[in-house]
Amino acid sequence: MLMTLTTTLRPATDLGFLLFKHPDKAQAFSTSSGTAHVFYPRADEDECTAALLLDVDPIALVRGRKNDAFTLGQYVNDRPYAAGSLLAVAVSAVFKSAMNGRCDQRPELVDQAIPLRVRIPAAPCSGGAAMAERLFAPLGWRVDARAVPLDPEFPDWGDSRYLDLRLDGELRLADALRHLYVLLPVMDGAKHYWVAEDEIEKLLRAGDGWLSAHPERELISSRYLAHRKSLVRTAMAQLAELDGSEEEALDNALAEPTLTEPLAVVRRRAVVEALHQVRAHRVLDLGCGGGALLRDLLADPTFTEIVGCDVSAAALDAAERRLRLDRLPERARDRVELRQSSVTYTDPALAGYDAAVLMEVVEHVDASRLPALEHAVFGAANPRHVVVTTPNVEYNVLFPTLPEGKFRHPDHRFEWTRAQFQEWADGVADRRGYTVRHLPVGPVDEVHGSPTQLALFSRKEA
């Protein structure tokens, strides 16, 4: 399978620096599916074309597999010659540094949008040319997708499911490669390997900066994750968390006429106020997501040490961008730390803080894992105070845009009534040696209570 990448940037041979592949040298790289060859059909000042040719070993792909429904599939199979996930894996393996935005010899080129042309002569696409347009056009590509006939000698046979795909645009090379890495298997609608939970992180990492805003992000996530509903649900939840779209939509729906500002703002203010009440200075934000609360904490000099923790590396990257850590004065930068960690696993580094916050976190944890969360937070970390907020499901009927019976977020495992939350919080307090106070957040309805419920735990000896 073949992919060519062309630029008319002057001097065009700078493409070699960006790709870390010298135009005068043909190179070969071993991959899990065969040998990837990189060479330059043309390389001069005006135009430079890099070609990636993946020579697939179709027998190696199936060696060791059992219970194949089609015994001769390894011999009678077009998959090894079509540019789907096999080529995407080769792109990642061979052009990894370029995908990561690294260019040692010409670092100024990394952030420069350059003219690019991509051609893939045989790209499988479930949905045809229209699907290719839906996937690539929103990212700034001009798409020319032509159906490949089954046999040019017999036009009556019609077209195959393959496209001769041509893309033109002015983009950063790193972005272009990430688009291809994600969207080639998405076009195909299939992958050559088993899709597991780690694929979510790959999708979010490669989609950083563009996927959350893509109008087809749900389709992309579903196809990339092989339509595995639990993985898709988690990916969509993390994307929504990164751009805040789902939360903002609900908050804005509530803002009129009962609130003059979004619920998310009111919620964060209530959390900060609770931290002030207990005189906390060293604070953990567990499940910090994209860093909205961290930004509020950093703006308040009361909080001298702030640690944001999240299981998602993509969320932590978003938090780093939101906080602009690379631009902060050294004194402010030294007050905050971002750490990849799960609320259901013990982390010795999180012990001994004044307070821990779980803001809209517990409802994202499977009910069967709540005892593990309780042990990790209230047992192992054992801060002097813990602030927990969670939705009040009784209030959901007052959201005009929320369908009946639906949770507020696609990744919520549950949403508690006030009585259910109080029962859980009181049980945790009794078992872990804390007292607990329950506070409403947001406007209080006589029947349904407040939209957010807050529990403030304090260690009995504190």
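Residues numbered from 1 in each chain as written. Predicted model: local features only at pLDDT ≥ 70, side-chain atom pairs only at ≥ 80, totals over all residues. Heavy atoms only, no water.

1. Some words on the overall build of the chain
When its secondary structure is counted, the chain shows 16 helices and 14 strands. Carbon and sulfur atoms make up 50% of the accessible area of the chain, which amounts to about 21,900 Å² in all. (Helix = DSSP H or I, 4+ residues; strand = E, 2+ residues; numbered from the N terminus. Areas by Shrake-Rupley, 256 points an atom, 1.4 Å probe, with all protein chains shown as cover.)

2. Overview of the pattern of salt bridges
What the rule picks out here adds up to 23 salt bridges. In this structure, Arg 102 and Asp 104 form a salt bridge, with 2.8 Å as the shortest nitrogen-oxygen distance. The partly exposed category is assigned to Arg 102, whose relative accessible area is 42%. Salt bridges sharing common partners tie together Arg 42, Asp 44, Glu 47 and Arg 117. (Salt bridge = Lys/Arg side-chain N within 4 Å of Asp/Glu carboxyl O. Buried < 20%, exposed > 50% of the residue type's maximum accessible area, 1.4 Å probe, protein only.)

3. Quick notes on the packing of helix α3 (residues 85–94) against helix α6 (residues 173–188)
Orientation of α3 relative to α6, taken along the N-to-C sense of each, is 155°, at an axis distance of 8 Å. The angle between the axes of α3 and α6 places the two elements in the roughly antiparallel class. The element α3 and its partner α6 pack so that their crossing is left-handed. Counting all contacts with α3, which are made through Ser 85, Leu 87, Ala 88, Val 91 and Ser 92, the residues of α6 involved are Leu 177, Leu 180, Tyr 181, Leu 184 and Pro 185. Its residues assigned to classes, the contact of α3 with α6 shows eight nonpolar, two polar and no charged. (Axes fitted to C-alpha atoms, helices over the stretch in contact; angles between N-to-C directions. Parallel < 35°, antiparallel > 145°, perpendicular 65-115°, else oblique. Left-handed = near helix turned anticlockwise from the far one by under 90°. Contact = heavy atoms within 4.5 Å. Nonpolar A, V, L, I, M, F, W, Y, C, P; charged D, E, K, R; others polar.)

4. What to know about the confidence of the model for the chain
The share of residues in the chain with pLDDT of 70 or more is 89%, and the mean pLDDT across the chain is 87. Scored below 50 in pLDDT, residues 67–72 makes one contact in the model with residues more than four places away or belonging to other chains. Scored below 50 in pLDDT, residues 252–257 shows 10 contacts in the model against residues more than four places distant or in partner chains. (pLDDT = per-residue confidence, 0-100.)

5. A short note on the packing of aromatic side chains
On inspection of all chains with the given rule, the structure shows nine aromatic pairs. Centroid distance Trp 416 to Phe 421: 5.9 Å. Interplanar angle 25°. Geometry classified as stacked. Each of the two residues, Trp 416 as well as Phe 421, counts as buried. Between Phe 421 and Trp 424, the ring centres sit 6.2 Å apart and the planes meet at 15°, which makes this aromatic pair stacked. Here the residue Phe 421 and the residue Trp 424 both occupy positions in helix α16 (residues 418–432), the gap between them amounting to three residues, near one helical turn. Each of the two residues, Phe 421 as well as Trp 424, counts as buried. Across the ring face of Phe 17, the terminal group of Arg 106 is positioned such that the distance to the ring centre comes to 4.3 Å. (Phe/Tyr/Trp six-rings, centres within 6.5 Å; stacked < 30°, edge-to-face > 60°. Lys NZ or Arg CZ within 6 Å of the ring centre and 35° of its normal.)

6. Concerning empty space enclosed by the protein
Enumeration over the complete set of coordinates arrives at three cavities of 30 Å³ or more. There is about 90 Å³ of room inside the largest cavity. Along the walls of the largest cavity sit 13 residues, with Leu 286, Ser 342, Val 343, Tyr 345 and Leu 350 positioned nearest its centre. Broken down by element, the residue count for the lining of the largest cavity peaks at four residues, all from helix α15 (residues 370–381). Taken together, the residues of the lining of the largest cavity sort by class into nine nonpolar, three polar and one charged. In this model, the second largest cavity occupies a volume close to 40 Å³. Surrounding the second largest cavity, Leu 18, Ala 98, Gly 101, Arg 102, Val 110, Leu 173 and Ala 174 form its lining. (1 Å grid on protein atoms, 1.4 Å probe; cavity = no way out; pocket = protein on both sides within 12 Å on 5 of 7 lines; lining within 4 Å. Points joined across faces, edges and corners; volume = space filled by probe spheres on them.)

7. As for the pairing of strand β14 (residues 452–459)
Across the eight residues that make up β14, a large majority, eight, are buried. Of the two faces of β14, the one carrying Thr 452, Leu 454, Leu 456 and Ser 458 and the one carrying Gln 453, Ala 455, Phe 457 and Arg 459 are both buried. Where strand β12 (residues 385–391) and β14 come together, seven bridges link them in antiparallel fashion. Along β14, the bridge assignment pairs His 385 with Ser 458. (Pairing = 2+ DSSP bridges.)

8. Here's the deal with the packing of helix α5 (residues 128–136) against helix α8 (residues 217–224)
Put simply, α5 and α8 touch, their axes get as near as 10 Å, and they point 110° apart. If you check the angle between α5 and α8, you find them roughly perpendicular. The element α5 and its partner α8 pack so that their crossing is left-handed. On the side of α5, the interface is formed by Met 131, Arg 134 and Leu 135, while α8 contributes Leu 219, Ile 220 and Arg 223. Split by residue class, the contact of α5 with α8 holds four nonpolar, no polar and two charged.

9. Description of the nonpolar core
A general tendency of soluble globular proteins is for nonpolar side chains to be buried together. With 72 residues, the main nonpolar core has Leu 19, Leu 52, Phe 136, Trp 141, Leu 165 and Val 182 as its most contacted residues. Apart from residues lying up to four places away in sequence, Trp 141 is in contact with Leu 116, Val 118, Phe 136, Leu 167, Asp 168, Gly 169, Leu 171, Ala 176 and His 179. Counting residues in hydrophobic clusters, the runner-up holds 29 residues, among them Leu 284, Trp 424, Val 428 and Ala 455. (Core = buried A, V, L, I, M, F, W, Y, C linked by side-chain atoms within 4.5 Å.)

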